[in-house]
Amino acid sequence: MSTARLLSWGKHPRFPQLPTSCNWRDELSRKLAQARQAQGTTLPYGAGLSYGDSCLAASDHVLHMRPLDRFISADWSAGVLVAEAGVTLEDILSVAIPRGWFLPVTPGTKYITLGGAIANDVHGKNHHRRGTFGRHVRQLGLLRSDSGHQVCSPGSEAGLFNATVGGLGLTGLIEWAEIQLVPIRSSQIDRVTQRFGDLDEFFALSAELDHKHEFCVAWIDCAATGNAIGRGIHMAGDFAEDGPLAVENPRKLTVPLTPPVSLVNGLMLRTFNELHWRKAPRTRSRARVGYAPFFYPLDAILKWNRIYGPKGFQQYQAVIPEGEERTGIHALLAAIADSRAGSFLAVLKRCGPARSPGLISFPCSGTTLALDFPQTDRLDTALFPRLDAIVRAAGGRIYPAKDAHMSGEDFRSSYPGWSEVEALRDPALLSRFWERVTR
Ligand SMILES: Cc1cc2nc3c(=O)[nH]c(=O)nc-3n(C[C@H](O)[C@H](O)[C@H](O)COP(=O)(O)OP(=O)(O)OC[C@H]3O[C@@H](n4cnc5c(N)ncnc54)[C@H](O)[C@@H]3O)c2cc1C
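## Brief notes about the overall build of the chain
Then comes step 1: The number of helices and strands found in the chain is 13 helices and 20 strands.
Then comes step 2: Taken over the C-alpha trace, the chain has a radius of gyration of 21 Å; the compact-globule value for 439 residues is 22 Å, and the two agree within 12%.
Then comes step 3: Referenced to the eigenvectors of the C-alpha coordinate spread, the extents of the chain come out at roughly 60 × 50 × 45 Å.
Then comes step 4: Here the chain, with 439 residues, has 59% of them falling under the buried criterion.
Then comes step 5: Partitioning the contacts of the chain with sequence separation of at least 6, the portion at a separation of at least 24 is 76%.

Shown next as structure tokens:
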């Protein structure tokens, strides 16, 4: 057993987790039973790239699933891959791209595990076209402490499948999953970039470009005020029709140590954002780029979470449903600019209508805003309550994968499927997040 303690990506809240390493599928039953006997409950932990407390066990003892990292089978004529839950998206890309396949959905980092992608039902820049990751899972193997091994899919044991997709690791240990990949002709992306001056321009660009492109996302200047609220840079893209099928492994930098205080402050933020926005093209500009800088720009800097200092940071990600988006997102951005908090990592993205099988999946048809904040006490007492009130009034909700503050009332009213997940929860599994929002 490793004794190094694990945290979540945001390093807040700080409840160090003692991991039990899971290397083989045939030892999972024993390890789950031992954890239940010794601690009462535990939780599967993937790569720990969730920001808040959804990957932290209520008992502070996790089953570390990352070492379970073998491919099981592949049908390259159909793009169907079966792999253990600890395989990362990076591992999958390294075998799939040379054969002309890509992930159907990918978040902004390729270092997450297959189990983590399913348990948070992650979304990416093509949500408006393909929905969430869980829509592309054909079947999965689940191990429960009360009923042993189960195989579930949309057509068999569908109730358990729907509770497991986006089910925050609470319905059992995902041992393996079978996923459907998408065909590509080239691993390069034809990218279209254009800056916009306010939120109205963003929605106009989105209405024009979303249905033309597979991938769309915008960076937002969260420090902008007045008429400039909501200004940013829109990026659309599609896989190129020709070009290499090449796995990209760009040189990476590493933030070498955690500074004593956060390096992200108001002055730096406003200066960076101003320069970043000004250097983006005013008119539509096209370029062919690699998939790595397009999908995973943050992966180029390892351990970048260290820049927020020892207190860590929180990400606030909410989705505002269609019809309420303009007023809701504007109000959120105005409150954030007013607080003079935030970071240069702020993302705006329209989500599409494709429904996920997941009972408590996050995205819905509307617009999602995500941004990071260095951890301070004022976040939880002043800014976040203000943002939560706006999200609540607009009928929106907050993403559990990024959350460390949502109230139980907000969670239960915005995720009515939670009680079905609770009914199917494995009694041996409980997270700090679930304890916080359901008890
Ligand atoms: C830079 C960055 C960018 C990101 N961009 C996006 C984005 O664009 N879209 C998005 O949706 N998310 C995004 N995320 C969040 C991230 O994709 C999710 O939090 C993801 O679920 C993390 O996976 P993980 O393997 O690290 O799992 P962890 O964070 O370790 O765990 C996540 C959940 O999965 C459960 N789990 C893990 N393994 C298993 C298993 N084998 N069986 C059952 N349950 C399991 C855990 O219990 C926990 O509830 C981003 C994160 C980072 C750091």
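## With respect to helix α1 (residues 28-39)
Then comes step 1: Along its twelve residues, α1 runs 16 Å from first to last C-alpha, staying within 8% of the 16 Å computed at 1.5 Å per residue.
Then comes step 2: Backbone geometry just after α1 places Gly40 at a positive phi near 90 degrees.

## Re the site of the ligand
Then comes step 1: Residues in contact with the ligand amount to 35 residues; listed here are only the nearest, Pro44, Gly46, Ser50, Thr113 and Tyr399.
Then comes step 2: A distance of 2.7 Å separates an oxygen atom of the ligand from a polar side-chain atom of Ser50.
Then comes step 3: His123 is positioned with one of its backbone polar atoms (N or O) 2.8 Å from a nitrogen atom of the ligand.
Then comes step 4: Across the complex, the protein chains shield 96% of the 970 Å² of accessible surface that the ligand would expose by itself.
Then comes step 5: Of all the elements in the fold, those that place two or more residues in the shell around the ligand are β2 (43-45), α3 (114-119) and β9 (173-180).

## What to know about the sheet that holds strand β1 (residues 18-21)
Then comes step 1: The three strands are arranged β1-β3-β2 in an open sheet whose pairing can be described as parallel. Looking at the sheet topology across the chains shown, the edges are occupied by β1 and β2. For this sheet, the mean angle separating the axes of adjacent strands, direction not counted, is 40 degrees.

## A short note on the pattern of salt bridges
Then comes step 1: If you walk through the whole model with that rule in mind, you get 24 salt bridges.
Then comes step 2: Close ionic contact of Glu241 with Arg185 constitutes a salt bridge, the shortest N to O distance being 2.3 Å. With Glu241 in the loop between β13 (232-239) and β14 (253-254) and Arg185 in the loop between β10 (182-183) and β11 (189-196), the pair connects residues that are 56 residues apart, well separated along the chain. Of the two residues, Glu241 and Arg185, both sit in the exposed class.
Then comes step 3: Among the charged side chains, a network of salt bridges with common partners joins Asp221, Arg231, Glu274 and Arg278.

## What about the sheet that holds strand β8 (residues 148-152)?
As a general point, the strands of a sheet are linked pairwise by backbone hydrogen bonds and lie either parallel or antiparallel.
Then comes step 1: As summarised here, the arrangement of the five strands in space is β4-β5-β9-β7-β8, forming an open sheet in which the pairing is antiparallel. Because the sheet does not close on itself, it has two edges, and the strands there are β4 (71-75) and β8. Going across the sheet, the axis of each strand differs from the next one's by a mean of 10 degrees, ignoring polarity.
Then comes step 2: In this structure, strand β5 (residues 80-84) lies alongside β9, joined through five bridges in antiparallel fashion.

## Notes on the domain arrangement of the chain
Then comes step 1: For the chain, the domain assignment lists domain 1 (18-64), domain 2 (71-184) and domain 3 (189-414).
Then comes step 2: Using only C-alpha atoms to locate each centre, domain 1 and domain 3 end up separated by 30 Å.
Then comes step 3: Every contact between the two is made by five residues of domain 1 and, on the other side, nine residues of domain 3.
Then comes step 4: With both sides pooled, the region where domain 1 packs onto domain 3 buries about 500 Å², and carbon together with sulfur makes up 56% of that total.
Then comes step 5: Inspection of the domain 1/domain 3 interface yields zero salt bridges.
Then comes step 6: The tally of links from domain 1 across to domain 3 stands at two residue pairs in polar contact (both at pLDDT 80 or more).
Then comes step 7: Tallied by class, residues from the side of domain 1 that touches domain 3 come to one nonpolar, three polar and one charged.

## Remarks on helix α2 (residues 89-96)
Then comes step 1: All buried positions along α2 are accounted for by Leu89, Ile92, Leu93 and Ala96. Down the axis, α2 shows its buried residues gathered within 100 degrees of arc, on one side only.

## So, unusual backbone geometry
Then comes step 1: Here the bond from His12 into Pro13 is cis, since omega is 0 degrees, no more than 30 degrees from zero.
Then comes step 2: Topologically, Pro13 is positioned in the segment before β1.
Then comes step 3: One non-glycine residue with positive phi stands out, namely Asp60, at about 65 degrees.
Then comes step 4: Examined against the element boundaries, Asp60 turns out to sit in the loop between β2 and β3 (61-64).
Then comes step 5: With a phi close to 55 degrees, Glu157 is a non-glycine residue in the positive phi region.

## Considering the state of the cysteines
Then comes step 1: Overall, the coordinates contain zero disulfides when judged by the stated rule.
Then comes step 2: Left without a disulfide partner, Cys216 is nearest to the cysteine sulfur of Cys351, which lies 12 Å away.
Then comes step 3: A relative accessible area of 3% means that Cys216 is categorised as buried.
Then comes step 4: Free cysteine: Cys351, not disulfide-bonded; nearest cysteine sulfur from Cys364 at 7.0 Å.
Then comes step 5: The exposure class of Cys351 is buried, given its relative accessible area of 6%.

Reading the values: the criteria
- Residues numbered from 1 in each chain as written.
- Predicted model: local features only at pLDDT ≥ 70, side-chain atom pairs only at ≥ 80, totals over all residues.
- Heavy atoms only, no water.
- Helix = DSSP H or I, 4+ residues; strand = E, 2+ residues; numbered from the N terminus.
- Rg over C-alpha atoms; globule rule 2.2 N^0.38 Å.
- Buried < 20%, exposed > 50% of the residue type's maximum accessible area, 1.4 Å probe, protein only.
- Contact = heavy atoms within 4.5 Å.
- Expected span 1.5 Å × (residues − 1).
- Near = heavy atom within 4 Å.
- Polar contact = N/O pair within 3.5 Å; in protein donor to acceptor, adjacent residues only side chain to side chain.
- Areas by Shrake-Rupley, 256 points an atom, 1.4 Å probe, with all protein chains shown as cover.
- Pairing = 2+ DSSP bridges.
- Axes fitted to C-alpha atoms, helices over the stretch in contact; angles between N-to-C directions.
- Salt bridge = Lys/Arg side-chain N within 4 Å of Asp/Glu carboxyl O.
- Domains from an automatic or database assignment.
- Buried area = accessible area lost by both parts, 1.4 Å probe.
- Nonpolar A, V, L, I, M, F, W, Y, C, P; charged D, E, K, R; others polar.
- Arc of directions from axis to C-beta.
- Disulfide = S-S within 2.5 Å.

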